[in-house]
Number of protein chains: 2
Amino acid sequence: MSHPRRRGSAGRASLGTLLRHVHLHGPLSRAALARLMGVDRSTILTLTAELAAAGLVRQEHPIGTTGVGRPSLVVRPESERVYVLAFDVSADRLVAARVALGGPIMDRRTATRPPAGAGFDDEVGVLAGFGRDLHAAAPANSVCVGTGVSYSGTISPGDGKVRYRPEMGWVDQAFGTDLQRALDIGHPVAVGNDAHVGAMAEYQRGAGAGAPNLIYLHGDIGVSGGILVGGELLGDEGGYGCKIGHMLVNPYDGRHCRCGARGCLEAETGQSALLAAAGRSDEQFGRDTVRAIVRDARAGNEAAAAALSEIGGWLGIGVANLVNIIDPAVVIFGGTLREVYAAAAPQVAARIAQHTMPTTRNRPRLLLSGLADDTTLVGAAELGFAALLADPLQHTAHAV
Amino acid sequence: MSHPRRRGSAGRASLGTLLRHVHLHGPLSRAALARLMGVDRSTILTLTAELAAAGLVRQEHPIGTTGVGRPSLVVRPESERVYVLAFDVSADRLVAARVALGGPIMDRRTATRPPAGAGFDDEVGVLAGFGRDLHAAAPANSVCVGTGVSYSGTISPGDGKVRYRPEMGWVDQAFGTDLQRALDIGHPVAVGNDAHVGAMAEYQRGAGAGAPNLIYLHGDIGVSGGILVGGELLGDEGGYGCKIGHMLVNPYDGRHCRCGARGCLEAETGQSALLAAAGRSDEQFGRDTVRAIVRDARAGNEAAAAALSEIGGWLGIGVANLVNIIDPAVVIFGGTLREVYAAAAPQVAARIAQHTMPTTRNRPRLLLSGLADDTTLVGAAELGFAALLADPLQHTAHAV
């Protein structure tokens, strides 16, 4: 792990910090970077020169400025040159994208996910095909510095294995390794749980910007969550992290959950519950069906409205408990819960009012995801950028 | 906030770190301190000399060593000279203690708390009397460096006010300021919620030693909890912190809670629920009554056993939800929940098995509090030591 490097670890950390600032916030003047990092401008000059030599940033005059008295140079990420591959595996679709340093999604491919029962290899094959295609379509001089995956399931820490459930046998699958082999690119594939990477994405680029203590609730077929404390993912250091979806909200005659128990938050607020409550259990799972129910409710369909109201009540119990336990500043609803919350906010608010203390009741802001359908894809991209941002020069030396 | 000091902040932080090590772990050799702090032995020598000059530590040969070849000097806290006053305000008793640097409880006073209805001033008066008495009984050359209080209730961050509920009007009372005035000592009185300070105490000196990711559940009349993440109290930076006791566990015909809602964890597992379930609602609240029920159950009393089983089931739902949401390494049961859990562990285990995922199920260790009835008192003492440990020389300069 320790071999000679050109700079000490403090210098490497500073390079990563500068690159992270322009990656997350866009072009910044050297004066602004000096303020953000608490160092002098000559240090910024040195760091910028090193990152520019590595092809990671460039300096230029702000757009629209000309002639005399123009403001100082800004440092911007080399978005045309540096990218990651990001993959989003959810219940109803597979998405792959080329995401540039700085965050913009440059290119994407989407497939409807094979209905339940299709094999695991197909999924990896489809995603790898997308990845090669996105590579081939990238500009000639560009470089891929990482690959990240958002996966709708439980991820084993360390080895990136997904815990797969055919059906309830809980088999570990080396998804990251399989995809890496199929893609045939030099660097490892980082895999994260959809709600966990989604929480980071909403904090870094979405509705939770500036709110380091937030909870992100993600609806796919099931319901999952990610908790940030001081900007760090709770449980990230080991274990499987939070399983908000399996919080027990209905201890009596709860709906059956895929986990084998009854009355879990996921069982009471997931797509299966919504479709059943709306009398549409025969329809196919997916965000389109959820949106159709919300549309119908808005158009006056009583069964759809009653279903959303019922699901909203259970969602409210889950949120009230999270407020009681964690006391977050912000709760964000994403994935299909974005639509559900938008339609059932009064039911959620009623449960919070009923079941939290006066001292915490008014604290959390409840928000819709700021990145809409791309929350988890953006989170996957950030996972892919993590190694570069941790050690920009070392990493690019390998990647180029 | 910034006035000239003798040392830079790094030096002050190092002094505090060294003092904290010997305060929490007892006498340590200078070599051991050098390893723990990652500095060389000459630095330890300098820091120790400064702390010794301030009367906070002394150096001596380990007990039982004599003559040639004896091991190097150890640094030990000046437990005979430096102390805090610690107060523990719970539903059924008031405790005050003189707690020495290094942790030992040197002297204590206890009173049965006035039954519900007695005024707030009485409480402060009793505690202040105890405090003055403990001061007077302290050795002549000793110095009080702080005062901490564990309070069974909601504490407002910053000003140490307690949120008091006569009855449900939620009045803020300046408990810390009142006690400080009544004690008439120079330094402020730090007030913390019982479960929050209890969580830190169990982490620092109890069953959770070495487990920075733990949850401490505390039973008094009600039920409260403290969550440590990476050794830091969740919610400590603002807001009122966690309200685990008001997690909704029974959404249907739940018992009425003091908070106005029904079915809270506290309502289903607190003393009121236990006494009602055991058919002993006419008996007085308090740890003695809880212990009597546990004793009766062990002796074969079916009503008592059934009551503990019922309460244990609800406690298990609460713990299962905490495991799903937080995934802690350790869950510790303290206060009267110590007895309840000891008697109802199978019911708790059954709920965890039923309502958590295979990946998290076996992770948390469930433990009884290591400090028994003194968990919150020890937590109060640590609160009292906090300012000293943050800046030993500055602080003692004021205090002496």
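Everything quoted here is computed from the prediction, not taken from an experiment.

Caption draft 1: Broad picture of the overall build of chain A. If you tally the helices and strands in chain A, you get 14 helices and 16 strands. The buried share of chain A, taken over its 400 residues, is 50%. Partitioning the intrachain contacts of chain A with sequence separation of at least 6 by distance along the chain shows that 64% fall at a separation of at least 24.

Caption draft 2: Summary view of the sheet that holds strand β1 (residues 28-29) of chain A. All names here are of chain A. Within the open sheet, the 3 strands sit side by side as β1-β3-β2. Their pairing is antiparallel. A single partner strand is all that each edge strand has here, and the edge strands are β1 and β2 (57-60). Judged from the 2 bridges that link them, β1 and strand β3 (residues 74-77) form a sheet pairing that is antiparallel. Looking at β3, one finds that S29 is bridged to V74. In this fold helix α3 (residues 41-53) packs onto β2 and β3, with an angle of close to 120° to the strand it touches most, β2.

Caption draft 3: A look at the domain arrangement of chain A. Segmentation of chain A into domains returns domain 1 (9-77), domain 2 (82-196 + 376-399) and domain 3 (209-370). Here the C-alpha centre of domain 3 of chain A lies 41 Å away from the C-alpha centre of domain 1 of chain A.

Caption draft 4: Region of the structure containing the pairing of strand β15 (residues 330-335) of chain B. All names here are of chain B. Of all 6 residues in β15, 6 are buried, a share of seventy percent or more. As defined by bridge partners, strand β12 (residues 214-219) adjoins β15 across 6 bridges and the pair is classed as parallel. Residue pairing in the sheet places L217 in a bridge with F333 of β15. Where β15 lies against strand β16 (residues 365-368), 4 bridges are found, and the strand directions are parallel. Considered in β16, the bridge of V331 is made with L366.

Caption draft 5: Quick peek at the nonpolar core. Grouped together as the largest cluster of nonpolar side chains are 233 residues, with contacts concentrated most on A:L308, A:I311, A:V340, B:L308, B:I311 and B:V340. Sequence-distant contacts of B:L308, defined by excluding residues within four places in its chain, comprise B:I293, B:V294, B:A297, B:V340, B:A343 and B:A344.

Cut-offs used in this document
Residues numbered from 1 in each chain as written. Chains lettered and ligands numbered in written order. Predicted model: local features only at pLDDT ≥ 70, side-chain atom pairs only at ≥ 80, totals over all residues. Helix = DSSP H or I, 4+ residues; strand = E, 2+ residues; numbered from the N terminus. Buried ≥ 20, exposed ≤ 12 C-beta atoms within 10 Å, placed from the backbone. Contact = placed C-beta atoms within 7 Å. Pairing = 2+ DSSP bridges. Axes fitted to C-alpha atoms, helices over the stretch in contact; angles between N-to-C directions. Domains from an automatic or database assignment. Core = buried A, V, L, I, M, F, W, Y, C linked by C-beta atoms within 7 Å.

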